[in-house]
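Structural overview
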Amino acid sequence: MDVRAVVDWFDEVKRDLPWRSPDRTGWGVLVSEVMLQQTPVARVEPVWLAWMARWPVPSALAAESKGEVVRAWGKLGYPRRALRLHEAAAAIAAEHGDVVPADVDTLLALPGIGAYTARAVAAFAYGKRCPVVDTNVRRVIARAVHGAGEAGPPSTTKDMADVEALLPKEPADAAHLSAALMELGALVCTARTPRCRDCPVLSTCAWQRAGRPAYQGPVKAVQKFAGTDRQVRGLLLDVLRGSAAPEPKAKLDGVWSDAAQRDRCLDSLLVDGLVEQTADGRFALPGEG
DNA sequence: CAGACGTGGCC
DNA sequence: TGGCCAAGTCT
C-alpha cells in the first residue's frame, strides 16, 4: 500500500474533530475513544464537548457519582462504558497522578480499555509507535492489501501484524498513518458503497486490481435489537435517566409488557451497577460510588 | 470464541 | 420497512 498517498490525502481532507485539536490531552483522547466505541462521531461530538467542559481531568470525573456519569452519558448507548470510564478515571487519579498513562500495557490494565483503545490513546495522545486496529483499518487492509471485499473474522495478532508491516519507523509518522487509515475507512473505504473514485490508493488497491470480488468469508450474523434484553434495558434506563427522584417499580412496569423479561432486565441492571434500589424499594440511577 | 451489550440514521 | 452499520470490550 502506498502509505505516503494515504497520509497526504488525510492531511488534505481530514475532519476537524475536537479531540484532534493540537492542545488535546490524554484524558480528552481517552474519553473520545471510549465514547466512539460502536457509536458514530456525530453523536459523540456534543457529548464529548460537554464532558470536557465539566470534567477536564480524570479526578473531576472520579469525584462525580456514578448516577451523574450515567446520566451525562445520555443516549450514546452501551452505558456500561460510562461506568468503566468512571472507574478508569478513579484509577488514573489515584495511581497515575491524574495523568492518562502513555504505556500500552498500563492502559490495558484499566477497565473498558482493550486492544484498540489502549493503542489509540498511546498513538494519538502520545505519539507512540504501535499498530492501531479498528474496524475501519481492518477493512482498508482487507481490500487494499489482501484484495478481499471485507475483513474476515478479527484476529488481534494477525490484524496488528498486518498494520505493523505498514508502520513507518518514526513514531510520529506511525501515529499519523494510523489516523489516516482510520479516516480512509470512515470516509472513503466504507463498508457499504465505498467511494473508490475518491480513494488515494485506488491505483494500487489489491481489491480493485482483482476486479472487486465479492466477500468469500463466513457470513457475519446480524445483531437483533427489537425485543431483546438490550432494548428493554435501554427503555428501563431511559426512564431513570429522566427522573430526578427514585421511581416506584410501577413506573418501570410501563415500559415493557413482558413482566418476566422486564424483571430479568431490571435485575441485570442492578447487577451491572447501572441502577440501584432505595431502602423503600424504589429504583434510581446509582448514587455515591 | 460466540454472544451480550444501546441507539439512531441511512438506503 | 427493516436490515445494516457505527473509532470495541468483556465473559
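What you see as residue numbers is a count from 1 along each chain, following the sequence as written. Ligands are numbered from 1 and chains lettered from A, in the order in which they are written. With the structure being a predicted model, the display of local features is reserved for residues of pLDDT at least 70 and the display and counting of side-chain atom pairs for 80 or more, all residues being used for whole-chain, interface and lining totals. Hydrogens and water are ignored here; the side-chain numbers use all heavy atoms of the structure.

This brings us to the packing of helix H9 (residues 135-145) against helix H11 (residues 171-187). To get an axis, a line is fitted to the C-alpha atoms, and for a helix only the part in contact is used. The angle between two axes follows their N-to-C directions and goes from 0 to 180 degrees. In this description a helix means any DSSP run of H or I spanning at least four residues, a strand means any run of E spanning at least two, and both kinds are numbered starting from the N terminus. With their axes 8 Å apart at the nearest point, H9 and H11 run at an angle of 85° to one another. With respect to H11, the axis of H9 lies roughly perpendicular. Two secondary-structure elements touch here, H9 through Asn136, Val137, Arg139 and Val140 and H11 through Leu181, Met182, Leu184, Gly185 and Ala186. Each residue receives one of three labels: charged for Asp, Glu, Lys and Arg, nonpolar for Ala, Val, Leu, Ile, Met, Phe, Trp, Tyr, Cys and Pro, and polar for the others, Gly being one of them. When grouped by side-chain class, the residues that make up the contact of H9 with H11 number 6 nonpolar, 2 polar and 1 charged. Angular relationships are summarised with four words: roughly parallel below 35 degrees, roughly antiparallel beyond 145, roughly perpendicular across 65 to 115, and oblique for the angles in between. Throughout, a contact is declared for two residues whenever any of their heavy atoms are within 4.5 Å.

Residues in contact with DNA strand B amount to 16 residues; listed here are only the nearest, Arg43, Pro79, Gln223, Arg233 and Gly234. Two N or O atoms form a polar contact when they lie within 3.5 Å of each other; inside protein one atom must be a possible hydrogen donor and the other a possible acceptor, and for residues adjacent in sequence the pair counts only when both atoms belong to side chains. In this structure, a base oxygen belonging to DNA strand B sits 2.4 Å away from a side-chain N or O atom of Arg43. At a separation of 3.1 Å, a phosphate oxygen of DNA strand B approaches a polar side-chain atom of Arg241. For the surface near DNA strand B, the element with the most residues is helix H13 (residues 229-241), which contributes 5 residues. Considering only residue class, the surface near DNA strand B consists of 4 nonpolar, 5 polar and 7 charged. We call a residue near a molecule or strand whenever a single non-hydrogen atom of that residue lies within 4 Å of it.

Turning our attention to the domain arrangement of chain A. For chain A, the assigned domains are domain 1 (1-15 + 129-220), domain 2 (16-126) and domain 3 (229-284). Its C-alpha centre places domain 1 at a distance of 25 Å from the equivalent point of domain 2. The partner domain 2 presents 12 residues to the 15 residues of domain 1 that form the contact. Taking both sides of the interface into account, the surface hidden between domain 1 and domain 2 amounts to around 1000 Å²; carbon and sulfur atoms contribute 70%. In short, buried area is how much 1.4 Å probe accessible area vanishes from two parts on joining, totalled over both. Its largest share of buried area at the contact with domain 2, domain 1 owes to Arg15, Cys130 and Val132, together 49% of the area lost on that side. Throughout this description, the term salt bridge denotes a Lys or Arg side-chain nitrogen within 4 Å of a carboxyl oxygen of Asp or Glu. On inspection of domain 1 and its partner domain 2, the count reaches 1 salt bridge. Between Glu183 and Arg20 there is a salt bridge, with the nearest N and O atoms lying 2.8 Å from each other. Where domain 1 meets domain 2, there are 3 residue pairs in polar contact (both at pLDDT 80 or more). Only helix H10 (156-164) and H11 provide two or more residues apiece to the side of domain 1 that touches domain 2. Considering every element that reaches the side of domain 1 that touches domain 2, the biggest residue donor is H11, with 5 residues. Start and end points for every domain follow an automatic or database-based domain assignment.

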